[in-house]
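# Structural features, examined
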Amino acid sequence: MFQNNPLLAQLKQQIQENLPKKEGQIKATDKGYGFLEVDNKTSFFIPPPYMKKCLHGDKVVAIIRTENEREVAEPQELLEPALTRFIGRVKLHKGKLNVTPDHPQLKKNTFKAKTQKGLNPEEVNEGDWVVATLTRHPLKGDSGFFVEITEKITDADDKIAPWWVTLAENDLPNSEPAGCDHWQLQDDDDLQRVDLTHLPFVTIDGESTKDMDDALYAKKREEGGFEVTIAIADPTAYITANDPMDNVARERGFTIYLPGRNIPMLPRDLADNLCSLIENEIRPVLCCTLTVNEDGTINDDMHFFAANIRSHARLVYEQVSDWLETGHSTWQPIETIAQVVRDLYEFSQLRSAWRETQAVVFPDRPDYRFELNEDNDVIAIHADLRRSANRLVEEAMITANICAGKVLQSTFGCGVFNTHAGFKTDKIADVVTLVKNHGAEFDEATLATLDGFAALRRWLAKQPTSYLDNRMRKFQSYSEIGNQPLPHFAMGLDIYATWTSPIRKYGDMVNHRMLKAHIMGKQPEQIPDENLGEELALHRKHHKIAERNVADWLYARTLADEPNKQTRFMAEIFDINRPGMRVRLLDNGAMAFIPGALILDNKERLVCNGEEGTVTIDNTLVYQLGDTLEVVLSEVNLDNRNIVAKPTQVFADSPSAQTESASPAA
């Protein structure tokens, strides 16, 4: 009787128009209902029937009404969908195509689907990984959700799925760029290359490295200190600005490094062969010669020039470190090479000491490396510590990049610079309050300067625990890439421009061209625009996400059986928020979440304070940022690639019971 009644429909519309409306984001739950998150303090309940018209993450306009004496939200208008292009897995239901998103909050959603024109639906099977696009949405007036499969990524049981899926998810290439049959040197006629093939340059890299892009030479000066020459591979000798290969390099931004494999920015025949500084092969390079005093300061006599060099020795980090640290190694150099390495090492110690007192030195943390077999299974996870040879190369590269920054700043006033603005402006007052509470006297004006920021970082490095250091990082800005010569507060340096990895970084290729212009006394053929830094920063962000996602996948596979084994791990707390705390397993680098309920199943007594970076029980501190604790894994979810852990230390569940000692670990 009331169906299709225009008067009733008009009345309903008038009622809805008079109801208040709120904009917000949908937060779904596992139980079918959800919430409209308006801001950090305001949310409205969404009953299950209304949730069927929206997805977790949708930004919507909803009307707010009272039902059963409770305010509820009914989504009415879609402002921004949570899904557009997404990664999913195929589900076949009675022979019909469906796709389930590969997203922790959307895995219970299965959408009807079809394949894009040109993609054979017979080639898409149960569980296959695909790229899909959401084409219909109920809040757009459609009868239901519907997606179109635009690409098949790989088969359901493909062991390489973590890599292919992650690359597709971040819209990154999964293979090297195509090369050419004959690469030709494209040097400017005015660029004269000095013949340095007689100098005993050495390369120091990982044992499996093929794209060797830096070679080093040093000698002690009679008046004290060292003269050092850093030679960097020169792909811009073969690739001119804005030619097709240069455009490909800019589009990629960086070589993509993932656990177990990499996708080069440049063709391998260039990166791993023609440009790689292979032992006993003559290669074109860009060089910087500089002198360093006995106190570690860099003199103003830095000199950039083009050259041809020949690496006299291809050295490996571990072997050189063994030799420097113990005198015993499977590698035994001839005296000429041994002296170069000794001089480089002494030079690096001078520079490291200077940075420790005048700039900022980052604390040593291991690099975690996956070792895979031919079937792409993890057979080991190695914690590689930075040793003497690693620090030697690092100091040489940092020194070279400081020199490049100074030259680009003084010659052109622009380039591709790595910058960091220090503390967020609106957080400096909080920093001052925090450090004063721990006995340090800094004021806002001082911390807004490079010297003040660096002094605080050096003070933090001397603290007995990393608690304050962890707290402070939340107040800091993010590092940026730009074309203006601004300071790098996080390194404690007034200028920093990388040019030492042009095989792997497009920004370094641009700086090479500008340094060549400086050498020739010309205007650069390529001046970085404002967009380049933003492009490179976005590339870097996607690459880091991809690296982390593949690692999470491999960790989940590797640790899947550990909850049953109840293996004990030492872990470090690196984040605390209201639901619990996040830790890093020190043996292998895996990240795990510890829910508050697994610390103490009593919400009234337990407080996880993200602002303070602390966990308290009955107002007594039990954990804080930087603490180490022993944990066991309680769950490894292979679908979500999430790891849940719990402390082995048990806290009493009753305030009247005796609680175990819970002093924070150092």
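Residues numbered from 1 in each chain as written. Predicted model: local features only at pLDDT ≥ 70, side-chain atom pairs only at ≥ 80, totals over all residues. Heavy atoms only, no water.

Time to look at the overall build of the protein chain. The helix and strand tally for the protein chain stands at 16 helices and 30 strands. Here the C-alpha atoms of the protein chain give a radius of gyration of 29 Å, agreeing with the 26 Å that 2.2 N^0.38 yields for 666 residues. Judged by the C-alpha coordinates and their principal axes, the protein chain covers about 100 × 70 × 50 Å. Restricting to contacts in the protein chain with at least 6 residues of sequence separation, those with at least 24 account for 66%. Here the protein chain has roughly 33200 Å² of accessible surface; of this, 46% comes from carbon and sulfur atoms. Of note, the protein chain has its 74 positive side-chain charges centred 6 Å away from the centre of its 101 negative side-chain charges. (Helix = DSSP H or I, 4+ residues; strand = E, 2+ residues; numbered from the N terminus. Rg over C-alpha atoms; globule rule 2.2 N^0.38 Å. Contact = heavy atoms within 4.5 Å. Areas by Shrake-Rupley, 256 points an atom, 1.4 Å probe, with all protein chains shown as cover. Lys, Arg positive; Asp, Glu negative; His and termini not counted. Charge placed at Lys NZ, Arg CZ, Asp CG, Glu CD.)

Domain boundaries assigned for the protein chain yield domain 1 (6-80), domain 2 (85-158), domain 3 (194-421 + 477-550) and domain 4 (560-647). In this structure, domain 1 and domain 4 have C-alpha centres spaced 35 Å apart. (Domains from an automatic or database assignment.)

Predicted confidence across the protein chain gives a mean pLDDT of 92, with 95% of residues reaching 70 or more. Below pLDDT 50 for its whole length, residues 656-666 participates in 21 contacts with residues either more than four positions away or in separate chains. (pLDDT = per-residue confidence, 0-100.)

A few words on the sheet that holds strand S27 (residues 614-617). Ordered by their spatial adjacency, three strands build an open sheet running S26-S27-S28, and the pairing between neighbours is antiparallel. Two strands in the sheet have a free side with no partner beyond their single neighbour: strand S26 (606-609) and strand S28 (620-624). Neighbour-to-neighbour, the strand axes of this sheet turn through a mean angle of 20°, independent of strand direction. Where S26 and S27 come together, four bridges link them in antiparallel fashion. (Pairing = 2+ DSSP bridges. Axes fitted to C-alpha atoms, helices over the stretch in contact; angles between N-to-C directions.)

A few words now on the environment of Gly613. Mapped onto the elements of the fold, Gly613 is located in the loop between S26 and S27. What makes Gly613 buried here is its relative accessible area of 0%. Separated by 475 residues in sequence, Gly613 and Pro138 have C-alpha atoms that sit 42 Å apart. Once residues lying within four places of it in the same chain are set aside, the contact partners of Gly613 are Tyr467, Arg471, Ile576, Tyr623, Gln624 and Leu625. (Buried < 20%, exposed > 50% of the residue type's maximum accessible area, 1.4 Å probe, protein only.)

Scanning the entire structure with this criterion turns up 43 salt bridges. The shortest N-O distance in the salt bridge between Arg387 and Glu325 comes to 2.7 Å. A residue pair is termed long-range when its members are at least 10 positions apart, and Arg387 in the loop between strand S20 (378-384) and helix H8 (388-411) and Glu325 in helix H6 (residues 317-326) qualify at 62 residues. What emerges from the salt-bridge pattern is a single network uniting Arg355, Asp364, Arg386, Arg391, Glu394 and Glu395. (Salt bridge = Lys/Arg side-chain N within 4 Å of Asp/Glu carboxyl O.)

In spatial order, the strands read S6-S7-S8-S10-S9; together these five strands close into a barrel with mixed pairing. Each neighbouring strand pair of the sheet contributes to a mean axis angle of 55°, computed without reference to strand direction. Bridging between strand S8 (residues 111-115) and strand S10 (residues 146-154) involves four bridges; their strand directions are parallel. Opposite Ala113, over in S10, you have Val147 as the bridge partner.

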